[in-house]
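Observations on chain architecture
As a plain string of letters, each chain reads:
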Amino acid sequence: MSPLHKSDILVIGSGIAGLFYTLKVAEQRSVSLVTKKETVESNTNYAQGGIASVFSEEDSFQMHVDDTLQAGAGLCHRDIVEIVVAEGPALVEDLLNMGVDFTLEDKSALHLGREGGHSRHRIVHAKDFTGREIERVLVESVRQHPNVTVYEDHIAIDLITQHNLAKKPPLQPGDIRCWGAFVLNKLTGEVEQFFANSTVITAGGCGQVYLHTTNPEIATGDGIAMAYRAGAKVGNMEFIQFHPTTLNHPQARSFLISEAVRGFGAVLRNRAGDRFMDKYDSRLELAPRDIVARAIDSELKRSGDESVYLDLRHLNANEIRSSFPSIYERCLQVNIDITSDLIPVVPAAHYTCGGVISDAHGRTSINALYVAGESAMTGLHGANRLASNSLLEALVFANRAAQTTLSEAFDAPPWEAISEWDDNGTYNTDEWVLISHNRKEVRTLMWDYVGIVRSSLRLQRARRRIELLKNEVEDFYKRTSVSEKLIQLRNITLLASLIIDSALHRNESRGLHYTTDFPAADPALEQQDTVLSTFDSR
Ligand SMILES: Cc1cc2nc3c(=O)[nH]c(=O)nc-3n(C[C@H](O)[C@H](O)[C@H](O)COP(=O)(O)OP(=O)(O)OC[C@H]3O[C@@H](n4cnc5c(N)ncnc54)[C@H](O)[C@@H]3O)c2cc1C
């Protein structure tokens, strides 16, 4: 019999959402937290800029709401935007009280940065390593909590639902109930059963679906894929944000040069040395990210160059070094002194706006399954995320999902009736080349055909190719003993197909989804989310 764990709550993922949620429920419930590598490894750990939140007297909730709605291009859910903006400051203060060392203006006030799309200074940050500082404090608190058991190197494969009962009942939408997850212990190679009355997905986004991404290797969309396979509704997967400025250097590909650098006064130049943003938007370098990314894409396509350049040479060198110590050091490692050299940059996949659909309380369409952070589609971002709204959303929804979990009592799982993980008939393969080849194929296909600028022809071609790859991967998955690489390949292939299907669904250009066949927004599609679910096809 495979190892079996029982707790009140199972948390999948240890970024800001998973850790904050855990700390909010752990006083009253026992928690198992599974995470696929070491605890800190997450998108959160790489966040540089900060958390958008209203602290300045010159700012207001209304202004933050308006900026978010404007970036979201007619798809934000206004009620959710208002909730997130209003609940943010208290939760940022929670982090301060837990010991997060945010940069201060003076002894009493937070230093507030400014980023693209924000009409006021409102980015709370810890120099340029905000995410790392948040992870440091949250991981420490979670580790010390007696009600929490952390399982590192444990990768969740699939959720446990009625589908895993030895005797499967007929199901209607709304009937599905989550009882935990099957999880691969990477150290033993065994699949373990984690049973829980409630489960929360906080497994982050899916940047790894694309060849070029700012996201670390963990970001393979596992949480979204698991929920979708189990029958949850997912939404707005066509809206992938590309960060306009990642370092383009052979030894430091996809290292992010934060938006805060442009907020600080850096300008963009093409290879000829000309500043070009004035051709695209009156807000210049501080236009929203999609506009800056498309402008760079257009400059690169027109010139055939591999990079455009960020220029900080006109700014004070000491202030640059003290404001951006990580970026300064990382660039120096590849012989770029950002105070005196131009920084070569290109766009890369950065943020997943869509995800598992959540209501205002963190509930998914599956009973006893909650979601928070980048895995979720709450309605905050709409068609485009405003910079630094994601850490904020993760805090607010982790807190909301935690309060909802505590207020809803679900029975213990009928664990004796649930079938164990069945790997009969599978074998260990030495054909790993198939996995690495397919992985590269999916990521290249997505980069080439489903990137910053799309067209119906390219999307349809991508659809045909991904269907073939999906069948190949599923076939391989059924015959082969489960492994981390295979789990992730299966998930990025599914995520790629969800992104393509959603993009094909949306016959307009809006926010991050730009297609040359429908270059304008269609007013009839305002407030229309793209929703996908497997349930109907079962
Ligand atoms: C380079 C970079 C800079 C950014 N800068 C900012 C910023 O300045 N401001 C801002 O608001 N946002 C920023 N973002 C976005 C923001 O960091 C993320 O949206 C946010 O951190 C997501 O938090 P999360 O907890 O949802 O997911 P993550 O932090 O990605 O955590 C996901 C966790 O789930 C685990 N996991 C995944 N799959 C599995 C599985 N199958 N089984 C077990 N565990 C699993 C991972 O190991 C990880 O622990 C940035 C992102 C990047 C990549």
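Here the structure is a predicted model, which means the values were calculated and not measured. (Residues numbered from 1 in each chain as written. Predicted model: local features only at pLDDT ≥ 70, side-chain atom pairs only at ≥ 80, totals over all residues. Heavy atoms only, no water.)

Moving on: the state of the cysteines. Two cysteines, two sulfur atoms, one covalent bond between them: this is a disulfide. Tallied over the full model, the rule gives zero disulfides. Of the cysteine sulfurs around Cys353, a residue in no disulfide, the closest is that of Cys76, at 9.2 Å. (Disulfide = S-S within 2.5 Å.)

Further remarks concern the packing of aromatic side chains. Applying the stated criterion across every chain, the model contains six aromatic pairs. On the numbers, 4.9 Å between centres and 85 degrees between planes, the contact of Tyr151 with Phe194 is edge-to-face. Here Phe194 lies in strand β9 (residues 190-201) and Tyr151 lies in strand β6 (residues 148-151), a separation of 43 residues in the sequence. In this structure, Tyr151 and Phe194 share a single accessibility class: buried. (Phe/Tyr/Trp six-rings, centres within 6.5 Å; stacked < 30°, edge-to-face > 60°. Helix = DSSP H or I, 4+ residues; strand = E, 2+ residues; numbered from the N terminus. Buried < 20%, exposed > 50% of the residue type's maximum accessible area, 1.4 Å probe, protein only.)

This part covers the layout of surface pockets. Taken as a whole, the second largest pocket encloses approximately 1,000 Å³ of empty space. Taken together, 36 residues make up the lining of the second largest pocket; nearest its centre are Asp158, His163, Arg229, Tyr477 and Arg490. Here the lining of the second largest pocket is composed, by residue class, of twelve nonpolar, twelve polar and twelve charged. (1 Å grid on protein atoms, 1.4 Å probe; cavity = no way out; pocket = protein on both sides within 12 Å on 5 of 7 lines; lining within 4 Å. Points joined across faces, edges and corners; volume = space filled by probe spheres on them. Nonpolar A, V, L, I, M, F, W, Y, C, P; charged D, E, K, R; others polar.)

This paragraph deals with the nonpolar core. Across soluble globular proteins, nonpolar side chains show a tendency to be buried alongside one another. Formed by 73 residues in total, the largest nonpolar core has its most connected members in Ile12, Leu159, Val209, Tyr210, Met446 and Ile499. It is helix α13 (residues 484-505) that provides the largest number of residues to this core, a total of eleven residues. Look past the residues within four positions of Leu159 in its chain and what remains in contact with it is Ile12, Asn164, Cys178, Gly180, Ala181, Thr199, Ile201, Met226, Ala227, Ala230 and Leu369. (Core = buried A, V, L, I, M, F, W, Y, C linked by side-chain atoms within 4.5 Å. Contact = heavy atoms within 4.5 Å.)

With that out of the way, let us pick up the packing of helix α1 (residues 16-25) against helix α4 (residues 130-144). Geometry of a packed helix pair, given as the angle between the helix axes and the separation of the axes. Put simply, α1 and α4 touch, their axes get as near as 10 Å, and they point 40 degrees apart. For the element pair α1 and α4, the recorded crossing hand is left-handed. For the pair α1 and α4, the contacting residues are Ile16, Leu19, Phe20, Thr22 and Leu23 in the first and Ile134, Glu135, Leu138, Val139, Ser141 and Val142 in the second. (Axes fitted to C-alpha atoms, helices over the stretch in contact; angles between N-to-C directions. Left-handed = near helix turned anticlockwise from the far one by under 90°.)

In this section: α4. In this model, α4 (15 residues) spans 22 Å end to end at C-alpha, consistent with the 21 Å of a helix rising 1.5 Å per residue. Within the span of α4, buried status applies to Thr130, Gly131, Glu133, Ile134, Glu135, Val137, Leu138, Val139 and Val142. Close packing links the buried residues of α4 with α1, β3 (51-52), α3 (78-98), β5 (123-124) and β6. (Expected span 1.5 Å × (residues − 1).)

This part covers the sheet that holds strand β14 (residues 343-352). Spatial ordering of the open sheet is given by β11-β14-β13-β12, a layout of four strands whose pairing is antiparallel. Each end of this open sheet is capped by a strand with a single partner; those strands are β11 (240-247) and β12 (267-269). Within the sheet, the average angular offset between the axes of one strand and its neighbour, ignoring direction, is 45 degrees. (Pairing = 2+ DSSP bridges.)

This next bit is on the sheet that holds strand β10 (residues 234-235). Read across the sheet, four strands follow the order β17-β15-β10-β18 without closing on themselves; strand pairing throughout is mixed. Taken across any chain shown, the strands that pair with only one partner, and hence form the sheet edges, are β17 (376-377) and β18 (531-532). Bridge analysis of strand β15 (residues 355-357) against β17 gives two bridges, and the strand direction is parallel. Bridging across to β17, Val356 finds its partner in Ala376.

Mapped onto the elements, Gln488 comes out in helix α13. On the basis of relative accessibility, which here comes to 9%, the residue Gln488 falls in the buried class. Within polar-contact distance, the side chain of Gln488 engages the side chain of Lys36 at 2.7 Å. Contact partners of Gln488, with chain neighbours within four places excluded, come to Lys36, Ile155, Glu217, Thr220 and Arg439. (Polar contact = N/O pair within 3.5 Å; in protein donor to acceptor, adjacent residues only side chain to side chain.)

Our focus in this paragraph is unusual backbone geometry. At Asp153, a residue that is not glycine, the phi angle is positive and equals roughly 55 degrees. Tracing the backbone through its elements, the reader meets Asp153 in the loop between β6 and β7 (154-159).

Another point: the pairing of strand β8 (residues 180-185). By the criterion of burial, β8 is predominantly enclosed, with six of the six residues buried. Inspection of the sheet shows β7 paired to β8 by five bridges, in the antiparallel sense. Note that in β8 the partner of Asp158 across the bridge is Phe182. Summarising the sheet, β8 and β9 pair through six bridges and their orientation is antiparallel. Bridge pairing links Leu184 to Val191 in β9. Counting the residues in the hairpin turn of β8 and β9 gives four residues, including Gly189, whose phi is positive at 80 degrees.

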